[in-house]
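# Summary of the model geometry
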Amino acid sequence: MRRLSSAGGGLMGDSNIRQTGQLRSAAPIAEIDILWMTAGLGCDGETIAMTGATQPSIEDLVLGHLPWIPKVKFYNPFLAYENGDDFVRPFREAAEGTFDRPFILVVEGSIPNEKNKAEGYWASFGTDAQTKQPITTCEWIDRLAPKAWAILAAGTCATYGGIHAMEGNPTGCMGLPDYLGWEWKSKAQIPIVCVPGCPAQPDNMLETLLYLLYYAVGRAPMIPLDDALRPTWLFGSTLHEGCDRGGYYEQGQFAEEYGSPLCIVKLGCWGPVVQCNVGKRGWMSGIGGCPNVGGICIGCTMPGFPDKFMPFMNQPPGSLLSSQAVQTYGRAIQALRRFTQASLNKEPSWRSGAGRSTRT
């Protein structure tokens, strides 16, 4: 497995802190491991998205490009050199309590209900050395969670269940807070940290990890989380509040078909109520993001996703009244602005012909 070491960087949080705002009083952690499990029900989207992060990048964390944070060893099945038992070994050691370093457990994918059937299993990772039977994902979480310095749920599947947790699904799957409990706290008294998204925005994931690493050395207060356990500085505003198309909404200008630069609420966009920063942050290096490239917001960062946002292409019920109201005054505002704009696009009268009058 890839064992790249690091020292790391600088990030400030938000004053709206859900827990205590005190810095850690314990001795700074000099070395920490990140154990990243992709054994939940998922598509490995967070792992793939993470490779596109730039603020910071995964290389920044593990190659020592950032000051102050602990030395990091990073274990992820997609980025590992080893496989099989060689890859599983540090997870076994952490579960057995023989690990000599604190670790952050990152869980990707929904957590299935292994108790809702008579036989078989839904998801597993590695095999038991004694029985040679698969070790279920739930067993790993049960063994690792009590020993983890912190736990981060990456992506909407791991945070709230996501697509796999739709009503009627046979697995009975759920997000990590539902599995461990919403009031659960780690050995370091850190709540479950949720970074939702389908997949999660890459810089959101790495910036949250960076925040935890700063906390580990006493350079940041307890991570501020909202009621859905999301970092407040990332998910404190709606997508609409940072959307490039927001001005068109204000003027009552709505797209009737895809490809238009106008507001896409009538095409099914849930941006006005969804807490997400992709409109401002983009997807990679500030570029992309659903509404920025013409895609509607389907609410993938919200605990109610997907059931409460379906059918995806229909105009959100709540926007019917608001869009009609905004069209009433939006047209008047737009007309007044055009009138003012027309006057501003002309030079003042005292400049007109000034050059010709002084010419000999």
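Please read all numbers here as calculations on a predicted model, not as lab measurements.

### Some details on the sheet that holds strand β7 (residues 193–195)
The 5 strands lie next to each other as β2-β1-β3-β6-β7, forming an open sheet whose pairing is parallel. In the strand order of this sheet, the two ends are held by β2 (71–75) and β7, each with one partner. Within the sheet, the average angular offset between the axes of one strand and its neighbour, ignoring direction, is 20°. Taken together, the 5 bridges between strand β3 (residues 103–108) and strand β6 (residues 150–154) define a ladder with parallel strand orientation. Along β6, the bridge assignment pairs Ile104 with Ala150. Here helix α3 (residues 84–96) sits on the sheet and contacts β1 (31–37), β2 and β3; the angle it forms with β1, its principal contact strand, is near 115°. Each of β1, β2, β3, β6 and β7 is contacted by helix α7 (residues 202–216), which is oriented at about 160° to β7, the strand it contacts most.

### Considering the nonpolar core
By size, the foremost hydrophobic cluster in this structure holds 77 residues, and its most contacted members are Ile104, Trp149 and Ile190. Counting residues per element, this core draws most heavily on α7, which supplies 10 residues. Judged by nonpolar contacts, the second largest core, of 15 residues, contains Cys269, Cys300, Met302 and Phe305.

### Section: the layout of surface pockets
Empty space within the largest pocket amounts to approximately 250 Å³. If you go around the largest pocket, you meet 20 residues; those closest to its centre are Cys198, Cys276, Val278, Cys290 and Cys300. Across the lining of the largest pocket, the residue classes break down as 14 nonpolar, 6 polar and no charged.

### Concerning α3
Over its 13 residues, α3 runs 18 Å from end to end, which matches the ideal 18 Å to within 8%, given 1.5 Å per residue. Helix geometry: α3 is bent most strongly at Pro90, by close to 30°. Listing the buried residues of α3 in full gives Phe87, Val88, Pro90, Phe91, Arg92, Ala94 and Ala95. Buried residues along α3 sit against β1, β2, β3, β4 (124–127), β5 (134–136) and α4 (137–144). Gly97, located one to two residues past α3, shows a positive phi value of around 85°.

Basis of the calculations
Residues numbered from 1 in each chain as written. Predicted model: local features only at pLDDT ≥ 70, side-chain atom pairs only at ≥ 80, totals over all residues. Heavy atoms only, no water. Pairing = 2+ DSSP bridges. Helix = DSSP H or I, 4+ residues; strand = E, 2+ residues; numbered from the N terminus. Axes fitted to C-alpha atoms, helices over the stretch in contact; angles between N-to-C directions. Contact = heavy atoms within 4.5 Å. Core = buried A, V, L, I, M, F, W, Y, C linked by side-chain atoms within 4.5 Å. Buried < 20%, exposed > 50% of the residue type's maximum accessible area, 1.4 Å probe, protein only. 1 Å grid on protein atoms, 1.4 Å probe; cavity = no way out; pocket = protein on both sides within 12 Å on 5 of 7 lines; lining within 4 Å. Points joined across faces, edges and corners; volume = space filled by probe spheres on them. Nonpolar A, V, L, I, M, F, W, Y, C, P; charged D, E, K, R; others polar. Expected span 1.5 Å × (residues − 1). Bend = angle between axes of the 7 residues up to and from the residue.

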